[in-house]
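Structural overview
Chain residues, written in single-letter form:
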Amino acid sequence: MYDDLSLKYMTETRRKLHSMAELSGAEFKTSVFIRAELEKFGYKPKTVGTSVYCDVGGGGNRLAFRADIDALPITENVSVTGMKEYAADGVMHACGHDGHVANLLNVARIVGGNSKIPLRFIFQSDEEVAGGSVALIEAGVLDGVDEIYALHLCPELEESVIGYCYGGMFSGCCEFDVKTMGKSGHCAEPEGGADAIRSALETAAAAFGSANAHGLLINLGKLTGGSARNIIADTCLSEYTLRFYDMSKCESVMLDIERAALKADDVYGTDHSIISVALYPPLINSALCVDKVRNVMPESCIAVSPRNTAEDFSNYLQHVSGCMVWLGVRSPGHTAPLHSECFSFDERALLKGTELFLNLIRSR
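Anyway, here's the lowdown on the structure attached to this text.

1. A short note on the sheet that holds strand β10 (residues 217-225)
- Here four strands make up an open sheet; going across it, the order is β10-β12-β8-β13 and the pairing antiparallel. Bordering the open sheet on either side are β10 and β13 (271-280), each of which pairs with just one other strand. Averaged over all adjacent pairs, the angle separating strand axes in this sheet is 15°, with direction ignored.
- As judged from the nine bridges shared by strand β8 (residues 172-181) and β13, these two strands associate in the antiparallel manner. Looking across to β13, one finds that F176 is bridged to S276.
- Across the sheet, helix α6 (residues 196-213) lies against β8, β10 and β12 (235-244), angled at about 10° from β12, the strand it touches most.
- Sitting on the sheet, helix α7 (residues 247-268) touches β8, β10, β12 and β13, and the angle it makes with β13 is about 165°.

What follows is the structure, given as structure tokens:
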């Protein structure tokens, strides 16, 4: 079943997808291609925006698999990746989503649209920036599903190794802005102004202190404010990300930041607003589902440590049992990290992903 035909299909499919890489929410060609492939295999795909999903078999208690389909705004370094098929408009599948889609289409191809096994194949848009899983969940993509699985390519693991993690695998992520509003004035007459930057820095110091006290990771990645070196800043925008595995700790830190901003307003005469940009819950794998992965692929699995990156597959796991695993793609010449202009992989690594998903299907 895992013969050269599968490899040939996945190689050709991955490279077609790589050449049509599209940004989150704009995966129009990718969506059309996926629908056409599924129809060719006998499925009747449905769409939610640019996301695509399809069912096979009857009844509930469906086993679902998810692949993400969007790319990143990165210009590929073709001299390193060696890819002849690549998007030339500064968009690149630098996170391996082309491999995820090729693998899941291959599984759908092998299973076929006439199977009696109750399955759902989900090809999700907007993973990189907007949390596209939420829109699909709201549209009912988990209705009748009792387990869901996904994989993610991993250049730190050797080719075809499957990395599993019990419990928390990816951190939750709270992205938020603190907008501080003051009053402009000359630095020689500070009593006439309200310094938005100083107020924002007081809030930042408290934010880092609270995050450290709660054992969370926080980053102030961008701070924008002011107009000239001798003018008191009337506005300041601070852009943060907070990473966590315990939602209650995240909430405590955010309350501390609000209190600190109010105190800074009193001291400097400013006002503020805290703006939520994105919130991803931590990705918590079901122990039972991790056990199933290990049982069907005992010779390929190794334990890995959690990471402080975020993955919106976590939203599915708020509703049904499931797990995500890493699929190793590291091989000679393929060692660049994810989100790099040099990231690539040998498609032979995807055969282990097909084997994993088909074994999970058989185990039902």
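2. Section: the packing of helix α8 (residues 287-296) against helix α9 (residues 350-363)
- Taken N-terminus to C-terminus, the directions of α8 and α9 make an angle of 105°; their axes are 9 Å apart at the nearest point. It follows from the interaxial angle that α8 and α9 lie roughly perpendicular. Contacts between α8 and α9 involve K292, V293 and V296 from the first element and L356, N359, L360 and S363 from the second.

3. Observations regarding α9
- Taking 1.5 Å of rise per residue, 14 residues should cover 20 Å, and α9 covers 20 Å from first to last C-alpha, within 8% of that figure.
- Of all 14 residues making up α9, 11 are buried, and the element is well covered by its neighbours.
- Those residues of α9 that fall on the buried side of the exposure criterion are L350, L351, K352, G353, T354, L356, F357, L358, N359, L360 and I361.

4. Observations concerning unusual backbone geometry
- Positioned with a positive phi, N61 is a non-glycine residue whose angle comes to about 50°.
- Positive phi outside glycine occurs at S160, with the angle close to 75°.
- Looking at the secondary structure, you find S160 in the loop between β5 (145-158) and β6 (162-164).

5. What about the pattern of salt bridges?
- Inspection of every chain in the model, using the stated rule, returns 18 salt bridges.
- A salt bridge links D98 to R14; its shortest N-O distance comes to 2.9 Å. Highlighted residues: D98 in helix α4 (residues 97-111) and R14 in helix α1 (residues 4-19), separated in sequence by 84 residues.
- With a shortest N-O distance of 2.9 Å, R14 and E347 are connected by a salt bridge.

6. Here's the deal with the sheet that holds strand β4 (residues 119-124)
- The eight strands are arranged β1-β2-β4-β3-β5-β16-β6-β15 in an open sheet whose pairing can be described as mixed. Whereas interior strands pair on both sides, the edge strands pair on one side only; in this sheet they are β1 (46-48) and β15 (301-303). Within the sheet, the average angular offset between the axes of one strand and its neighbour, ignoring direction, is 30°.
- Bridge count between β6 and β15: three bridges; the pairing is parallel. Within β15, the position partnered with I162 by the bridge is C301.

7. Here's the deal with the environment of E12
- Turning to its location among the elements, E12 is positioned in helix α1.
- Taking the C-alpha atoms as reference points, E12 and A102, 90 residues apart in sequence, are found 8.7 Å from one another.
- Engagement of the side chain of E12 in a polar contact is seen with the side chain of K8, the distance being 2.9 Å.

Reading the values: the criteria
Residues numbered from 1 in each chain as written. Predicted model: local features only at pLDDT ≥ 70, side-chain atom pairs only at ≥ 80, totals over all residues. Heavy atoms only, no water. Pairing = 2+ DSSP bridges. Helix = DSSP H or I, 4+ residues; strand = E, 2+ residues; numbered from the N terminus. Axes fitted to C-alpha atoms, helices over the stretch in contact; angles between N-to-C directions. Contact = heavy atoms within 4.5 Å. Parallel < 35°, antiparallel > 145°, perpendicular 65-115°, else oblique. Expected span 1.5 Å × (residues − 1). Buried < 20%, exposed > 50% of the residue type's maximum accessible area, 1.4 Å probe, protein only. Salt bridge = Lys/Arg side-chain N within 4 Å of Asp/Glu carboxyl O. Polar contact = N/O pair within 3.5 Å; in protein donor to acceptor, adjacent residues only side chain to side chain.

Function cannot be read off these values alone, since they describe shape.
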